[in-house]
Amino acid sequence: MGEQVQVNELEIEPSSLKSILIETDHPFVPSKARANYLQKHRAKFAENGNAGGTSILEYVIPDQVSTNTLIILPTTKLNGEIYVGLEMRKLPVPQLL
């Protein structure tokens, strides 16, 4: 936290948001089959030092893989401008656990 991030300069091919949205507009196909990827849990979460700060929440964890997760934001620099990569695909919500 607080480290200086060095952004490498690469050649990229600029595109418009409209063209990206058209290219990635392929929604998933619904299925009744179970993926067996996630486990659903319910737990009571309490806020330390606050007697009334509790909530019962549902959450999911991976079934077969690690719960350690890394979120990244791909970055590059072109002509002194910094660009970031964003995921624009429509991905399914893990409803069929």
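Residues numbered from 1 in each chain as written. Predicted model: local features only at pLDDT ≥ 70, side-chain atom pairs only at ≥ 80, totals over all residues. Heavy atoms only, no water.

K.L.:
Looking at this structure, how should I read the overall build of the protein?
P.N.:
Helices and strands together make up the secondary structure of the protein, namely 1 helix and 4 strands. The secondary structure elements of the protein, listed N-terminal to C-terminal, are α-β-β-β-β. Partitioning the contacts of the protein with sequence separation of at least 6, the portion at a separation of at least 24 is 54%. When the accessible surface of the protein is split by element, carbon and sulfur atoms take 55% of a total near 9300 Å². (Helix = DSSP H or I, 4+ residues; strand = E, 2+ residues; numbered from the N terminus. Contact = heavy atoms within 4.5 Å. Areas by Shrake-Rupley, 256 points an atom, 1.4 Å probe, with all protein chains shown as cover.)

K.L.:
So what exactly am I meant to see when it comes to the pairing of strand 3 (residues 75-78) here?
P.N.:
A regular strand places its side chains on the two faces of the sheet in alternate fashion. Burial of strand 3 is one-sided: the residues Thr76 and Leu78 facing one way are buried, the residues Thr75 and Lys77 facing the other way are not. Inspection of the sheet shows strand 3 paired to strand 4 (residues 81-84) by 4 bridges, in the antiparallel sense. Considered in strand 4, the bridge of Lys77 is made with Ile82. Connecting the antiparallel pair strand 3 and strand 4 is a turn made up of 2 residues, with Asn79 showing a positive phi of about 50°. (Buried < 20%, exposed > 50% of the residue type's maximum accessible area, 1.4 Å probe, protein only. Pairing = 2+ DSSP bridges.)

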